[in-house]
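# Examining the three-dimensional arrangement
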Amino acid sequence: KAGVTQTPRYLIKTRGQQVTLSCSPISGHRSVSWYQQTPGQGLQFLFEYFSETQRNKGNFPGRFSGRQFSNSRSEMNVSTLELGDSALYLCASTDGPEAFFGQGTRLTVV
Amino acid sequence: GENVEQHPSTLSVQEGDSAVIKCTYSDSASNYFPWYKQELGKGPQLIIDIRSNVGEKKDQRIAVTLNKTAKHFSLHITETQPEDSAVYFCAASRDSNSGYALNFGKGTSLLVTP
């Protein structure tokens, strides 16, 4: 069974730009969650999608958004990037409460 | 919201010794407690989990204990090996119609020296 695939692995963007990250979950998993990991704040929950609907959201500004497609693949978007958005963005494919993470996308905002 | 505290932040042990990492949580409704291992350049890997109806769970050299009354849970690694060196995270979540959001501790950097 293939694991969670996140693309791209690395991104460098300029302040003010927007970015889209992609996640393909484990086959058969219908739920995808996104987390932000930074040295200062640790791992923080962004949002969760299930059957193309956002069913849970963390405490992040509206610049952070996501969506899920009918094949369960998910994308997250960050608009008007700030330096503080530099982080490792992790996607988790979930089967009930168990979450299986991808390798993440390392976003650097300059 | 849920607050998960994890101690210690760093832990150094000799190969073959045991390592213990402790976490406390604040939300009494939390009922699922996973532990993750994260190696450099990789995403967190689920290594063991426990649900609130169980007090202890073992898988080879790792075990997790849960004390619901005190709201704390611990990870125990026996016979540590250099390849156990990594950052370990505890987390807590609860069953909800609105899904499962993991609340993570800040992590423990474990170093196992030969």
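For the structure, see preceding data.
A short tour of the structure in this document, coming up. The structure presented is a predicted model; accordingly, all values stated were derived computationally and were not measured.

## Structural notes on the packing of aromatic side chains
Residue and element names in this part refer to chain B. Summed over all chains, the structure comprises 13 aromatic pairs over all chains. Plain terms: the ring middles of F33 and F73 are 4.9 Å apart, the flat faces sit at 50° to each other, and that makes the pair tilted. Here F73 lies in strand β8 (residues 72-77) and F33 lies in strand β4 (residues 32-38), a separation of 40 residues in the sequence. Both residues of the pair, F33 and F73, belong to the buried class.

## Overview of the environment of Y25(B)
Residues and elements named next belong to chain B. With respect to the helices and strands, Y25 occurs in strand β3 (residues 19-25). Judged by relative accessible area, Y25 falls into the buried class, the value being 6%. C-alpha separation for the pair Y25 and A91, spaced 66 residues apart in sequence, amounts to 8.7 Å. The residues contacting Y25, other than those within four sequence positions of it, are E2, N3, V4, S30, F33, L66, N67, K68, K71, H72, F73 and A92.

## Quick look at the nonpolar core
Within the largest apolar cluster, 24 residues are counted, with the highest numbers of intra-cluster contacts made by W35(B), F73(B), L75(B), Y88(B) and L110(B). For this core, the secondary structure elements donating two or more residues are β2 (10-14), β3, β4, β5 (45-51), β7 (62-67), β8, β9 (86-92) and β11 (108-113) of chain B. With 21 residues, the next largest nonpolar core counts C23(A), W34(A), Y49(A) and F64(A) among its residues.

## Describing unusual backbone geometry
All names here are of chain A. The peptide bond linking T7 to P8 adopts the cis configuration, its omega dihedral lying at -10°. Relative to the elements of secondary structure, P8 occurs in the loop between β1 (5-7) and β2 (10-13). One non-glycine residue, S72, lies in positive phi territory at about 80°. Counting through the fold element by element, S72 comes out in the loop between β7 (64-68) and β8 (74-78). Given a relative accessible area of 13%, S72 falls into the buried group. Not every positive phi belongs to a glycine, and T80 is a case in point at roughly 45°.

## Some remarks on the interface of chain A and chain B
Facing 22 residues of chain A, the contacting portion of chain B comprises 19 residues. The tally of links from chain A across to chain B stands at 0 salt bridges. Where chain A meets chain B, there are 6 residue pairs in polar contact (both at pLDDT 80 or more). Looking at the side of chain A that touches chain B, the elements with two or more residues in it are β4 (31-38), β5 (42-50), β6 (53-57), β9 (87-95) and β10 (98-101) of chain A. Counted by class, the side of chain A that touches chain B contains 9 nonpolar, 9 polar and 4 charged residues.

Definitions and cut-offs
Residues numbered from 1 in each chain as written. Chains lettered and ligands numbered in written order. Predicted model: local features only at pLDDT ≥ 70, side-chain atom pairs only at ≥ 80, totals over all residues. Heavy atoms only, no water. Phe/Tyr/Trp six-rings, centres within 6.5 Å; stacked < 30°, edge-to-face > 60°. Helix = DSSP H or I, 4+ residues; strand = E, 2+ residues; numbered from the N terminus. Buried < 20%, exposed > 50% of the residue type's maximum accessible area, 1.4 Å probe, protein only. Contact = heavy atoms within 4.5 Å. Core = buried A, V, L, I, M, F, W, Y, C linked by side-chain atoms within 4.5 Å. Salt bridge = Lys/Arg side-chain N within 4 Å of Asp/Glu carboxyl O. Polar contact = N/O pair within 3.5 Å; in protein donor to acceptor, adjacent residues only side chain to side chain. Nonpolar A, V, L, I, M, F, W, Y, C, P; charged D, E, K, R; others polar.

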